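Reading the structure
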Amino acid sequence: MPESVFSHVDGSGDPNELVRYLDATKGVQLFRELGRLLLAELRVGPGSSVVDVGCGPGTDALEIAAAVAPRGRVVGVDASSIMVAEARRRAAGRGLAVEFRVGSAERLDLPDAIADACRFERVLQHLADPAAALREAARVLRPGGQVAALEPDWTSLDVSGADPGVVRRVLDVRMAAIPCPDAGARLGRLLSEAGFEEVRSLELTLSGHHPDALRALRLDAYAGAAARVGAVTGAEAAALLSALDGGRAGVRATLHLAAGSRTARAAQRPDVATRRASSTRPVTPSLSNAVDR
Ligand SMILES: C[S@@+](CC[C@H](N)C(=O)[O-])C[C@H]1O[C@@H](n2cnc3c(N)ncnc32)[C@H](O)[C@@H]1O
């Protein structure tokens, strides 16, 4: 079965294609507006410190770094060294207080209570344990800090106006590839379970016949993957793509945005607590100290 390429960007066949895909989605007005909503939920301003988990090529981290300047700071963390290298390349020479690090969402290399806000955009779905990543967000946030996340619910994805059997088999391949396809639908509950308070959420159903939807939802890539594993024939995949490209088929999918506040008392990761306790260096709760280490 094919794996979600975003769970292992560096080992995927063509990481640069994934960078181009992310750039293309950032050009879609809907995603830009959702990005603005996500930013509003982070409640940041000049001087804030922000962590962008699963930052990809850094588009949002760079935008936020400009918004929190001059004294604010952004750290972008991504599991892919290719994404991080691209983000660093884009940041070079811009004079922004932003740093990009290779790291794991489930085990952030940041001290406790260091950030004012933490964001996830289209990341939790690619993790085997999204709850662990949200617990890490709670750990690195200061009391009262904000988390905000945007994720699709792939289980809601439907395609009309094309052969339903072919659609089902392509979507089954896709569903099997994504570690947490219903991350969007579970977002509010995941935030509450990670200890966030004042959880607010927004559900948005997209539907339409626009050929861009095909690429924004990566249906073209998954039709190809389904053909490669023999779930559909090449001719069936081509017919589905032609129906979508030609605007004869429509797609429908639900996206979820949720945000919450870190409680006054959040769990510490035991090993981090131990490291801090045995360190002689004073722990200053500021992201700039964390990134300057
Ligand atoms: C769909 S992309 C979204 C990128 C960016 N947030 C955006 O909206 O453009 C998902 C990103 O999550 C990263 N990722 C996947 N698993 C991760 C993990 N365990 N820890 C950190 N990042 C991870 C991928 O490398 C990829 O850059």
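Here the structure is a predicted model, which is why all the values come from computation and not from measurement. (Residues numbered from 1 in each chain as written. Predicted model: local features only at pLDDT ≥ 70, side-chain atom pairs only at ≥ 80, totals over all residues.)

Helix and strand counts for the protein stand at 12 helices and seven strands. Scored against the burial criterion, the 293 residues of the protein give a buried share of 45%. By sequence separation, contacts in the protein at least 24 residues apart represent 80% of the contacts at least 6 residues apart. (Helix = DSSP H or I, 4+ residues; strand = E, 2+ residues; numbered from the N terminus. Buried ≥ 20, exposed ≤ 12 C-beta atoms within 10 Å, placed from the backbone. Contact = placed C-beta atoms within 7 Å.)

Burial analysis of helix H3 (residues 59-68) places seven of its 10 residues in the buried class, the great majority of the element. Where H3 is concerned, the buried positions are Thr59, Asp60, Ala61, Leu62, Ile64, Ala65 and Val68.

Turning to the site of the ligand, a few remarks are in order. Not every one of the 21 residues close to the ligand is listed here, only the nearest: Gly54, Gly56, Ala79, Ser80 and Ala105. Across the shell around the ligand, the residue classes tally to 10 nonpolar, seven polar and four charged. (Near = placed C-beta within 6 Å. Nonpolar A, V, L, I, M, F, W, Y, C, P; charged D, E, K, R; others polar.)

In this section: the sheet that holds strand E5 (residues 141-160). Taken in spatial order, the seven strands line up as E3-E2-E1-E4-E5-E7-E6 in an open sheet, and their pairing is mixed. Of all the strands in the sheet, just strand E3 (98-102) and strand E6 (196-208) have a single pairing partner and so form its edges. Each neighbouring strand pair of the sheet contributes to a mean axis angle of 15 degrees, computed without reference to strand direction. Examined bridge by bridge, E6 and strand E7 (residues 250-262) share 11 bridges and lie antiparallel to one another. (Pairing = 2+ DSSP bridges. Axes fitted to C-alpha atoms, helices over the stretch in contact; angles between N-to-C directions.)

For the rest of this paragraph, the subject is the confidence of the model for the protein. Per-residue pLDDT for the protein has a mean of 88; in total, 89% of the residues score no lower than 70. Counting contacts from residues 273-286, a segment whose pLDDT is below 50, to residues more than four positions away or on other chains yields 10 contacts. Contacts from residues 288-293, a stretch scored under 50 in pLDDT, to residues over four places away or in other chains number eight contacts. (pLDDT = per-residue confidence, 0-100.)

Moving on, we get to the nonpolar core. In this structure, Val147, Val170 and Ala226 are the most contacted members of the largest nonpolar core, which totals 86 residues. Among residues more than four places away in sequence, those in contact with Ala226 are Arg169, Val170, Val173, Ala231, Val232 and Ala237. (Core = buried A, V, L, I, M, F, W, Y, C linked by C-beta atoms within 7 Å.)

The next subject is the pairing of strand E2 (residues 73-78). In terms of residue burial, E2 counts as a mostly covered element, since six of its six residues are buried. Of the strand pairs in this sheet, strand E1 (residues 49-53) and E2 are connected by five bridges, and their pairing is parallel. Bridged to Val50 within E2 is Val74. Following the backbone out of E1, through H3 and into the adjacent parallel E2, one traces a crossover that is right-handed. (Right-handed = clockwise from strand over helix to strand, strands pointing away.)

Put simply, helix H5 (residues 130-140) and helix H7 (residues 183-193) touch, their axes get as near as 10 Å, and they point 45 degrees apart. One finds that H5 runs oblique with respect to H7. In the packing of H5 onto H7, the handedness of the crossing is right-handed. From H5, Pro130, Ala131 and Leu134 reach across to H7, where they touch Ala183, Leu190, Leu191 and Glu193. In the contact of H5 with H7, the residues fall into six nonpolar, no polar and one charged. (Parallel < 35°, antiparallel > 145°, perpendicular 65-115°, else oblique. Left-handed = near helix turned anticlockwise from the far one by under 90°.)

With respect to the element layout, Asp158 can be found in strand E5. Once the C-alpha coordinates of Asp158 and Val251 are considered, the two residues, 93 residues apart in sequence, prove to be 5.7 Å apart.

What follows is about the environment of Ala128. Following the sequence through the fold, Ala128 ends up in the loop between strand E4 (115-121) and H5. Note: C-alpha distance between Ala128 and Cys180 (52 residues apart in sequence) is 6.6 Å.

Moving on to the pairing of E3. Taken together, the five bridges between E2 and E3 define a ladder with parallel strand orientation. What sits directly across from Val74, in E3, is Val98. One crossover worth recording links E2 to the parallel E3 by way of helix H4 (residues 81-91), and it is right-handed.

Further remarks concern the packing of helix H9 (residues 219-228) against helix H10 (residues 234-245). Viewed as axis vectors pointing N to C, H9 and H10 meet at an angle of 170 degrees, and their least axial separation amounts to 8 Å. When the axis of H9 is compared with that of H10, the two are roughly antiparallel. In this structure, H9 crosses over H10, and the sense of that crossing is right-handed. Two secondary-structure elements touch here, H9 through Leu219, Asp220, Ala223, Gly224, Ala226 and Ala227 and H10 through Gly234, Ala237, Leu240, Leu241 and Leu244. Each residue belonging to the contact of H9 with H10 can be placed in one class, and the counts come to eight nonpolar, two polar and one charged.

With 14 residues, helix H6 (residues 164-177) extends 20 Å from end C-alpha to end C-alpha; this agrees with the ideal 20 Å at 1.5 Å per step. Among the residues of H6, Val166, Val167, Arg169, Val170, Leu171, Val173, Arg174 and Ala177 are the ones counted as buried. (Expected span 1.5 Å × (residues − 1).)

We now examine the environment of Ala177. In this fold, Ala177 is placed in helix H6. Taking the C-beta count within 10 Å as the criterion, Ala177 has 22 such neighbours and is therefore assigned buried. In the structure, Ala177 is positioned 173 residues away from Ser4 in sequence and 4.9 Å away in space, judged by C-alpha atoms.

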